[in-house]
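Below, each chain spelled out in residue letters.
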Amino acid sequence: MSALSTDKIVAVVGSGAMGAGIAQVAAVAGHTVKLYDTRPEAVAKALADIAKVFAKLVEKERMSAADAAAANARLRGAATLAELADAAMVVEAIVENLDVKRGLFAELEAVVGDDCILATNTSSISVTAIAAKLRLPQRLVGMHFFNPVPLMALVEVVSGLASDAAVAASVFDTAAAWGKSPVHAKSTPGFIVNRVARPFYAEGLRLLNEQAADAATIDAVLREAGGFRMGPFELMDLIGHDVNYSVTQSVFNAYYGDPRFTPSVLQLEMVNAGFLGRKSGRGFYQYGEGAVAPQA
Ligand code: NAI
C-alpha cells in the first residue's frame, strides 16, 4: 500500500478544532473530504472557518484564488454517518473517550467498505484498545496530528498490537503526501509527544499553584529563555483544558497512577468552570473582546 490517491474520498468525523484542520489539509492535498459531527452546527462552523482561512491565504498571496475555490469545492458536510459509505479512509477526531470512540468505529464498520482505512486522532488512548472491538481491527491505526493542524508538520502514525503494518505504511505515506512529517510510533500511553509533554504542563501548573510566578511570566521564560515556541499555559489554552486534562488522566491511569503524571486539581477546576481556553474565550488568558494577550 502507498499513499491514498487523491481520487479517494477522505471522511473526517468530529468537526472541532482538530477535525476542521485535518479536513482542510486533506482537501488542499486534493481529496474530496466529507465532514461529519453529531452537532450539525459544528460542521457548518468548520466549513465556514476553513473558507475564511483560504480567503486569508489568498489575500496574503500564499494560495491562488483558483486553488482556494477548488479546495473549498472538495469539502462537503455530511448529515449522517451513512453518507460516509464511499470513503477510502476515515479520520476520527471526536471526544477523547474510549467508549465513545469504540461506539463510533462500530457504527462506521457497518457503513464503510472492508478496505476502508480507519484512523484515530486520539492524543493518548490505546490504539490497541480502540481497535479491539472492531470486526477488522487490523485496519485501524492512530493518525495523531498536532494543533493547529495546517501549521504543525508532525504526525504520529501509531500502531496498536493488531494494526496491519501495510495500513500504517499507507497512513504514513498519505501524511507525507499531505505535506506532513510523519513518524511511526507504537501504541503506548501518550505515544511520544504527549508522554514527554506531560511534565512540561505539570511543572508549570505546580509553579503556578505555589505562586512562584504568574502564568504569563512562566510562559515568557519558557518561550524567550527556554526556546519553546509556546509556554505551558498558552499551549494548554490552545489545546483546550478539557482535552489536555483528559489526556493527563488517561496517561496517569495507564501507568497505574504513577505520581509523575498526577492530573492537576487546578486544571480540573478550569474544566469545571468551563474555562477551556481559546475555544471558550477564557482559560489562563482571556480571548476575544477585552482580551489579555498571552504574553508577559
Ligand atoms: P473538540 O472538542 O474541538 O471537537 C470534538 C468534536 O467531536 C465536537 O464538535 C463534537 O461535537 C464532536 N463529537 C463528539 N462525539 C461525537 C460522535 N460520537 N460522533 C461525531 N462527532 C462527535 O475537540 P478537538 O480538540 O478537536 O479534539 C478531538 C480529538 O483530537 C480528541 O481525541 C483529542 O484528544 C484529539 N487531539 C486534540 C488535540 C488538541 O490540541 N486539541 C491535538 C491532537 C489530538
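Residues numbered from 1 in each chain as written. Predicted model: local features only at pLDDT ≥ 70, side-chain atom pairs only at ≥ 80, totals over all residues.

- Under the annotation held in an unreviewed UniProt entry, the protein carries the name 3-hydroxybutyryl-CoA dehydrogenase and is attributed to Rugamonas rubra.

## Some remarks on the overall build of the protein
Logical step 1: The number of helices and strands found in the protein is 12 helices and eight strands.
Logical step 2: At 19 Å, the protein has a C-alpha radius of gyration in line with the 19 Å of a compact globule built from 296 residues.
Logical step 3: When its C-alpha atoms are laid out on the principal axes, the protein stretches across 55 × 50 × 30 Å.
Logical step 4: Within the protein, contacts between residues at least 6 apart in sequence are counted, and of these 64% link residues at least 24 apart. (Helix = DSSP H or I, 4+ residues; strand = E, 2+ residues; numbered from the N terminus. Rg over C-alpha atoms; globule rule 2.2 N^0.38 Å. Contact = placed C-beta atoms within 7 Å.)

## A short note on the domain arrangement of the protein
Logical step 1: Partitioning the protein into structural domains gives domain 1 (9-186) and domain 2 (197-280).
Logical step 2: A C-alpha centroid distance of 26 Å is found between domain 1 and domain 2.
Logical step 3: Contact residues are listed per partner, giving six residues for domain 1 and eight residues for domain 2.
Logical step 4: Among the residues forming the side of domain 1 that touches domain 2, the class breakdown is two nonpolar, three polar and one charged. (Domains from an automatic or database assignment. Nonpolar A, V, L, I, M, F, W, Y, C, P; charged D, E, K, R; others polar.)

## A look at the confidence of the model for the protein
Logical step 1: In this model, the protein carries an average pLDDT of 96, and 97% of its residues clear a pLDDT of 70 or more.
Logical step 2: Across the interfaces of the predicted complex, the ipTM metric reaches 0.99, alongside a pTM of 0.93. (pLDDT = per-residue confidence, 0-100.)

## Details of the sheet that holds strand β7 (residues 154-159)
Logical step 1: Overall, mixed pairing links the eight strands, which are arranged β3-β2-β1-β4-β5-β6-β7-β8 in an open sheet. This sheet does not close on itself; its edge strands, each paired only once, are β3 (75-77) and β8 (181-186). Adjacent strand axes in the sheet meet at a mean angle of 25 degrees, parallel and antiparallel pairs treated alike.
Logical step 2: One ladder, built from four bridges, connects strand β4 (residues 87-92) with strand β5 (residues 117-120); its direction is parallel. Across the sheet, M89 pairs through a bridge with I117, a residue of β5. (Pairing = 2+ DSSP bridges. Axes fitted to C-alpha atoms, helices over the stretch in contact; angles between N-to-C directions.)

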